[in-house]
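Working through the structure, step by step
Each chain, letter by letter, is given below.
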Amino acid sequence: MLNSRLRRSGPLFYALLALALGAIAASGVLVYVRTRLTSLRYELGRHVEQEHALQLEVERLRVETAALEAPERIEPRARTLGLSYPKPEQVVAIDETGGAPHAVAAGSAR
Amino acid sequence: MSRAPRQRRRAGLRPVRLDVIAGFALFGFAALFARAIQLQTLDADWLSDRARDQAATTVSLEALRAELQDRRGNVLAVSATVDSVAAWPRRIADRRAAATALAGPLGLPSRELAKRLDAGSGFVWLQRWVAPDAAARVSRLGIAGVQLLPERRRFYPNGALAGTFIGFADRDGRGLSGAELAFDRKLRGASAEIYAVRDARGNVLPDVSAPAQPRAGQPIKLAIDVRLQHFAENALAEALARTSAQHATLVALDPYTGEILALAEAPGFDPNRFWLEDKSLYRARAFVDEFEPGSTMKPFSVAVALDAGAVRPDDVFDCENGRYKVGRRIIRDAHPHELLTVTDIVRVSSNIGAAKISERVGARKLVGGLRKLGFGDVPGSGFPGEVGGMLRDLHERQEIERANLSFGQGVTVTPVQLVAAMATFANGGRRVTPRLLATTRSEGEDLQLGLGPRVISEQTTREVVAMLRAVVESGTGTRAALPNVAVAGKTGTAQKVKEGGYSQKDFIASFVGFAPAERPRFVIGVFIDEPHGLHTGGAVAAPVFREVAAYALDQLPAEPLVAPRPVQTHASAGGGAG
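**Topic: the overall build of chain B**
- Along chain B, the regular secondary structure elements total 18 helices and 21 strands.
- Classification of the 578 residues of chain B by burial places 49% in the buried group.
- Of the contacts made within chain B by residues no fewer than 6 positions apart, 72% connect residues no fewer than 24 positions apart.

**Thoughts on the overall build of chain A**
- The secondary structure content of chain A amounts to 2 helices and 0 strands.
- Looking at the 110 residues of chain A, the share that counts as buried comes to 7%.

**Section: helix α11 (residues 298-307) of chain B**
Residues and elements named next belong to chain B.
- Among the 10 residues in α11, 10 count as buried, and that is most of the element.
- Where α11 is concerned, the buried positions are Lys-298, Pro-299, Phe-300, Ser-301, Val-302, Ala-303, Val-304, Ala-305, Leu-306 and Asp-307.
- Looking one or two residues past α11, Gly-309 carries a phi angle of roughly 75 degrees, positive in sign.

**Focus: the nonpolar core**
Residue and element names in this part refer to chain B.
- In this structure, Leu-250, Ala-252, Val-487 and Val-548 are the most contacted members of the largest nonpolar core, which totals 145 residues.
- A per-element tally of this core places helix α18 (residues 537-555) first, with 12 residues.
- Taken domain by domain, the makeup of this core includes at least three residues from each of domain 1 (60-221) and domain 2 (226-441 + 448-555).
- With sequence-adjacent residues up to four places away left out, Leu-250 is seen in contact with Ala-232, Leu-236, Ala-262, Ala-264, Ile-524, Gly-525, Val-526, Val-544 and Val-548.
- Counting 13 residues, the second largest nonpolar core, distinct from the first, contains Leu-102, Leu-113, Leu-126 and Val-130.

**Thoughts on the domain arrangement of chain B**
All names here are of chain B.
- Partitioning chain B into structural domains gives domain 1 (60-221) and domain 2 (226-441 + 448-555).
- Between domain 1 and domain 2, the C-alpha centre-to-centre distance is 45 Å.
- Opposite the 24 residues of domain 1 that make contact, domain 2 presents 21 residues.
- Listing elements by their share of the side of domain 1 that touches domain 2, those giving two or more residues are α6 (163-166), α7 (178-182) and β10 (220-221).
- The residue inventory of the side of domain 1 that touches domain 2, partitioned by class, reads 12 nonpolar, 8 polar and 4 charged.

**As for the sheet that holds strand β21 (residues 522-529) of chain B**
Residues and elements named next belong to chain B.
- Strand order in the open sheet formed by 5 strands is β12-β11-β21-β20-β19, and the pairing between neighbours is antiparallel. Of all strands in the sheet, those with a lone pairing partner are β12 (260-266) and β19 (488-498), marking the two edges. Taken pair by pair, the neighbouring strands of this sheet meet at an average axis angle of 10 degrees, ignoring direction.
- By the bridge criterion, 8 bridges tie strand β20 (residues 501-515) to β21 in an arrangement that is antiparallel. Residue pairing in the sheet places Val-512 in a bridge with Gly-525 of β21.
- In the packing of helix α9 (residues 226-243) onto the sheet, contacts are made with β11 (247-253), β12 and β21, and the angle to β12 comes to roughly 30 degrees.

**What about unusual backbone geometry?**
Residues and elements named next belong to chain B.
- Cis geometry marks the peptide bond from Ala-266 to Pro-267; its omega dihedral reads 0 degrees.
- Looking at where Pro-267 falls in the secondary structure, it is placed in the loop between β12 and α10 (285-288).
- Following Ala-515, the chain continues to Pro-516 via a peptide bond in cis, the omega torsion being -20 degrees.
- Its place among the elements puts Pro-516 in the loop between β20 and β21.
- Non-glycine residue Ser-349 carries a positive phi angle of around 60 degrees.

**Digging into the pairing of β19(B)**
Residues and elements named next belong to chain B.
- Looking at chain direction, β19 and β20 are connected through 10 bridges and run antiparallel. When the bridges of β20 are listed, Gly-492 appears paired with Ser-510.
- In textbook terms, the turn of a hairpin is the stretch between consecutive antiparallel strands, and for β19 and β20 this stretch comprises 2 residues, one of which, Glu-499, has a positive phi near 50 degrees.

**Concerning the environment of B:Arg154**
All names here are of chain B.
- Note that Arg-154 resides in strand β5 (residues 146-155).
- The class of Arg-154 is buried, set by 22 C-beta atoms lying within 10 Å.
- Residues Arg-154 and Arg-65 lie 89 residues apart in sequence; the distance between their C-alpha atoms is 8.1 Å.
- When sequence neighbours within four positions are dropped, the list of residues in contact with Arg-154 reads Arg-65, Ala-77, Ser-79, Phe-168 and Ala-169.

**A short note on the environment of B:Val523**
Residues and elements named next belong to chain B.
- Mapping Val-523 onto the fold places it in strand β21.
- Note on Val-523: 29 C-beta atoms within 10 Å, which makes it buried.
- Each C-alpha atom of the pair Val-523 and Ala-488 lies 9.5 Å from the other, and the pair is 35 residues apart in sequence.
- In this view, Val-523 contacts Leu-253, Pro-255, Val-419, Met-422, Ala-423, Ala-426 and Phe-514; residues no more than four positions away in its chain are not counted.

**Concerning the confidence of the model for chain B**
- Per-residue confidence for chain B averages 87 on the pLDDT scale, and 88% of its residues sit at or above 70.
- Counted against residues more than four places away or in other chains, residues 560-578 of chain B, with its pLDDT under 50, gives 58 contacts.

**Notes on the environment of B:Thr341**
- Assignment of secondary structure puts B:Thr341 in strand β16 (residues 339-341).
- B:Thr341 sits 25 residues away from B:Val316 along the chain, and the two C-alpha atoms are 4.2 Å apart.

**A few points about helix α16 (residues 415-426) of chain B**
All names here are of chain B.
- Look at α16: 17 Å from first C-alpha to last across 12 residues, which is about the 16 Å you get at 1.5 Å a residue.
- Most of α16 is tucked away, with 12 of its 12 residues classed as buried.
- Along α16, the positions that sit buried rather than exposed are Pro-415, Val-416, Gln-417, Leu-418, Val-419, Ala-420, Ala-421, Met-422, Ala-423, Thr-424, Phe-425 and Ala-426.
- Looking one or two residues past α16, Gly-428 carries a phi angle of roughly 95 degrees, positive in sign.

**Brief notes about the packing of α9(B) against α18(B)**
Residues and elements named next belong to chain B.
- Contact geometry of α9 with α18 gives a least axis separation of 10 Å together with a crossing angle of 160 degrees. Classed by the angle they form, the pair α9 and α18 counts as roughly antiparallel. In this structure, α9 crosses over α18, and the sense of that crossing is right-handed. For the pair α9 and α18, contact is made by Arg-227, Leu-228, Phe-231, Ala-232, Ala-235, Leu-236, Ala-239 and Thr-243 and by Val-540, Val-544, Glu-547, Val-548, Tyr-551, Ala-552 and Gln-555, respectively.
- Residue composition of the contact of α9 with α18, by class: 11 nonpolar, 2 polar and 2 charged.

**Considering the pairing of β11(B)**
All names here are of chain B.
- Among the 7 residues that make up β11, 6 are buried, leaving the element largely enclosed by the rest of the structure.
- Sheet analysis places β11 next to β21, joined by 7 bridges and oriented antiparallel. Looking at the pairing, Thr-249 lines up with Phe-527 of β21.
- Relative to β12, β11 runs antiparallel, the two sharing 6 bridges. Its bridge partner lying in β12, Leu-253 is registered against Ile-260.

Rules of the game
- Residues numbered from 1 in each chain as written.
- Chains lettered and ligands numbered in written order.
- Predicted model: local features only at pLDDT ≥ 70, side-chain atom pairs only at ≥ 80, totals over all residues.
- Helix = DSSP H or I, 4+ residues; strand = E, 2+ residues; numbered from the N terminus.
- Buried ≥ 20, exposed ≤ 12 C-beta atoms within 10 Å, placed from the backbone.
- Contact = placed C-beta atoms within 7 Å.
- Core = buried A, V, L, I, M, F, W, Y, C linked by C-beta atoms within 7 Å.
- Domains from an automatic or database assignment.
- Nonpolar A, V, L, I, M, F, W, Y, C, P; charged D, E, K, R; others polar.
- Pairing = 2+ DSSP bridges.
- Axes fitted to C-alpha atoms, helices over the stretch in contact; angles between N-to-C directions.
- pLDDT = per-residue confidence, 0-100.
- Expected span 1.5 Å × (residues − 1).
- Parallel < 35°, antiparallel > 145°, perpendicular 65-115°, else oblique.
- Left-handed = near helix turned anticlockwise from the far one by under 90°.

Here's what the structure looks like:
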């Protein structure tokens with residue numbers, strides 16, 4: 001009897017069943033997607049924080065490099081190594097036109 | 001009877017019950033479906049807005065202020081994120097204990113910290129811009145109500161080097177003076193606000209759909225050369241110590257592009273700690289302070305006279321043995337002279353000679369010619385607060401004023417203006433606009449030059465350069481001479497105006513010149529304010545020029561960015577008529 005009854009109302013029942021299963025499956029997918037999205041957001045947040053920390057490190061290193069390159073720091077070290085600026089007498093301007101360097105005698109101020 | 005109902009039930013009632021269950025299920029699903037449609041479509045906007053209000057937050061991303069660099073790419077100013085220590089005193093359980101614990105890491109007395117915490121304020125900065133190790137120590141203390149807050153800080157890695165030129169930016173990243181102010185908009189960039197969601201624990205989850213980014217500021221490459229600047233500042237500091245002067249300024253300029261290669265001031269200030277420095281040192285005097293140039297003005301007066309055809313280099317003037325009456329005033333020379341050529345007038349710096357040359361030109365032409373050279377105009381570098389000095393129009397009857405003007409009295413200039421005017425002689429007669437930025441050139445592309453229109457003929461330029469060489473070879477500027485390199489320049493010893501008259505003991509000693517004279521690579525002006533003891537430009541400023549010029553010849557490129565035409569001069573070692 002039941003089978004015959006089911007047979008009679010079968011299409012409706014199977015349609016309802018399919019709808020229910022579809023809805024459950026869709027809900028499952030939706031929940032999965034939402035959970036995954038949230039989890040990805042957390043992951044992204046961690047990466048953003050990591051990037052930010054690295055950026056801060058880059059900034060700090062940039063400041064440190066610039067400070068290490070400062071002439072005020074380098075000059076005393078160069079002097080301890082015996083280096084010095086060339087004296088005016090040691091500087092010769094090369095004449096690109098091929099002429100001889102111009103010699104000037106130094107004198108006293110007036 | 002007993003079997004019949006059971007059979008009826010089997011035959012009819014159970015299917016009915018099944019239908020009812022199915023009906024309820026259908027109704028339930030339909031209701032859920034309808035509700036889902038309502039939530040997802042009809043109420044979607046309202047619900048989204050509500051959810052956003054509850055969980056959404058905006059995070060402001062400040063653009064990092066861009067770097068200032070020198071012409072070689074060395075960093076002059078750079079920004080970085082550093083921690084500041086903030087406190088919410090009402091949330092601190094034991095303020096005394098907190099003050100004691102924080103005293104060590106912050107390097108402040110615990111009494112001072114306790115005073116700040118007990119001030120009754122809801123929020124207080126305990127220390128801003130703390131060092132990374134101090135921040136780590138504070139963080140380890142874990143005091144509730146005390147927190148590290150990230151802030152942006154501007155660093156000037158070279159300390160006081162070029163402090164007045166670079167200027168400084170405040171704690172909020174706004175340029176307040178110097179190049180920091182001049183290029184503030186470009187350096188700052190634009191901040192961005194990003195949408196994010198905050199979860200129940202307060203974690204910020206960034207929005208993945210539209211990741212806005214702040215627009216970074218543009219790095220600015222200034223024309224100055226850090227090495228030359230460093231050398232110039234050291235030379236100035238030594239001169240300041242040697243002469244016990246109040247202040248000293250040096251300006252180095254490329255005569256073809258107008259680039260300011262060095263701008264040194266002594267004493268200077270350290271922009272890293274600008275709030276602790278004397279505010280009067282913030283001022284870039286080279287751009288904003290006017291002074292009477294004195295004898296450094298003579299080559300310009302003579303150039304105007306030569307260009308107008310009023311005199312020739314070998315014209316002879318009677319210099320009246322050191323005393324000459326103009327109107328009711330007596331003009332004097334530092335050393336008496338009798339007959340001098342125009343070249344010699346410049347070489348020995350005769351006031352009387354310059355005054356007599358100006359008689360031939362006339363007041364109006366003299367003023368007009370000087371205006372063409374840039375006197376009385378703002379030089380146009382774009383430096384904040386830059387001024388252009390004062391040059392008054394004169395009538396022909398104003399003989400004394402005209403005579404004074406010819407040797408640099410009754411007119412004011414800034415150091416940058418005077419050096420830019422001297423560049424006109426160095427580049428063959430073109431007016432120059434001083435430039436703060438380095439000139440860039442792509443391959444095969446012409447330079448954006450700072451050169452303006454021709455204001456002096458090439459012939460006049462050659463004649464004036466010969467006179468300026470004579471000044472250094474055998475005139476008042478011999479201490480600027482370099483062995484092996486021809487130098488051209490002019491000394492100046494200007495009396496300062498004090499209490500309504502010219503001081504007899506306070507001077508501005510100056511030397512403005514260029515090298516090599518035949519093919520100049522730079523113009524350098526040295527200005528020493530109120531030197532004690534030796535006080536002439538030749539004795540005080542010229543040696544500084546010599547030192548810095550030698551270094552600049554060694555360090556700057558052998559060829560200028562624009563190949564100039566060699567200047568043909570007729571200077572003789574004896575400094576006679578050229």
